[in-house]
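# Summary of structural features
Each chain is listed here by its residues.
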Amino acid sequence: MPAAPAKPRRVLQKSYAREQSGGGGTDVRRPIRPDGQEAADVDPVLALDDFTVALPDGFPDHAHRGFVTLTYLLPSSPGDLSHEDFLGNVGTLGPGDAQWMTCGRGIVHSEVPKTQFFARGLQLWINLPEKEKMSPPRYLELPRAEQPRLICDGVRCALLAGEALSAAALEGDTLAAHFTMEPNSRLHQLIPEGHNAFVYIIDGEGNFAGEEADKHHCLILSHEVGEDGLLVETTTTAVSFFIFAAKPLREPVVWQGPFVMCSEEQIRQSMLDYQCGRNGFENANTWHSKNKNNMR
């Protein structure tokens, strides 16, 4: 395990994500919201949803442009989640599986549960730099069996991107990981200087950078010069949490529905492109997912 941080990060903000009903069989907690005041401290993150969904509900055909999504179905999830998009990608996320989707210049997709068992997962929206917003869309599945799964002194980690417990990087210098810690355990997680970072607690409780916190709390970490990591400790209770860290973009963000761009003009152009089926949305008006048939 890495050595203890020389100058550990602090908790800048602690908030509780309340459950909101999406109607029917869909519920969501939003630890990070698009309208949140913490935007500069979590940049390039746009939003984080902790969702549960089951048939006959789901997220039918919808479009995106200008950002990346990371969808991670929790290992404890009773149900699965099917993905289908207009590029021809089809797959099913089972418990513990992850999916990276770069929306780039445009993608239309659906996310629908396979059964009436609740699928519970996290979905993170990550902004793309302006120079990459019109790049070709990409899709990457990261099944549970292919994820680096690390164990050290009562700490387990499912690594979705980056480096943890001395494992090699998967996605440059971005860190995305799900940790579970047994009672009476300690974690020293290094975070590169200059990266924004946050922690979302899925279950249990622990001490994060000197702050006691339990499930459904989101902790935004400090990012001062010289700070090099996060210290987490447990006592009598285990804890399960998600951590994400990345370099901030420090670019303008203009958000309109499913499109995230850098100016109002770019948003208007995106809406026209989608409506007219051009510049990345050529088959948006003719494609329909098979998943839609499983819903109401």
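Let me begin by describing the structure that accompanies this report. (Residues numbered from 1 in each chain as written. Predicted model: local features only at pLDDT ≥ 70, side-chain atom pairs only at ≥ 80, totals over all residues. Heavy atoms only, no water.)

### With respect to the pairing of strand β13 (residues 149–152)
Cut-off, in case you're wondering: Think of it in three bands: residues with accessible area under 20% of the maximum for their type are buried, residues over 50% are exposed, and the middle band is partly exposed, with areas taken using a 1.4 Å probe on protein chains only. Strands are runs of DSSP state E lasting at least 2 residues, helices are runs of H or I lasting at least 4, and numbering of each runs from the N terminus. In short, DSSP must find at least two bridges between two strands for them to pair.
Burial along β13 is one-sided: Leu 150 and Cys 152 are buried, and none of Arg 149 and Ile 151, which face the opposite way, are. As paired strands, β13 and strand β14 (residues 155–161) are joined by 4 bridges and run antiparallel to one another. Following the sheet pairing, Arg 149 is matched in β14 by Ala 158. Count of turn residues in the β13/β14 antiparallel hairpin: 2 residues, of which Asp 153 carries a positive phi of about 50°.

### Comments concerning the state of the cysteines
Operational definition: Any cysteine sulfur atom paired with another within 2.5 Å is treated as part of a disulfide.
If you walk through the whole model with that rule in mind, you get 0 disulfides. Distance from the sulfur of Cys 103, which forms no disulfide, to the nearest cysteine sulfur (Cys 262) is 15 Å. A relative accessible area of 0% places Cys 103 in the buried class. Cys 157 forms no disulfide, and the closest cysteine sulfur to it belongs to Cys 152, at a distance of 11 Å. Here Cys 157 falls in the buried class, since its relative accessible area comes to 3%.

### Quick word on unusual backbone geometry
Look at the link from Asp 43 to Pro 44: it is a cis peptide, with omega at 20°. Cis rather than trans, the peptide bond between Leu 55 and Pro 56 has omega equal to 15°. Although it is not a glycine, Asn 184 adopts a positive phi angle of roughly 60°. Relative to the helices and strands, Asn 184 resides in the loop between β15 (175–181) and β16 (186–190). Here Asn 184 falls in the exposed class, since its relative accessible area comes to 64%.

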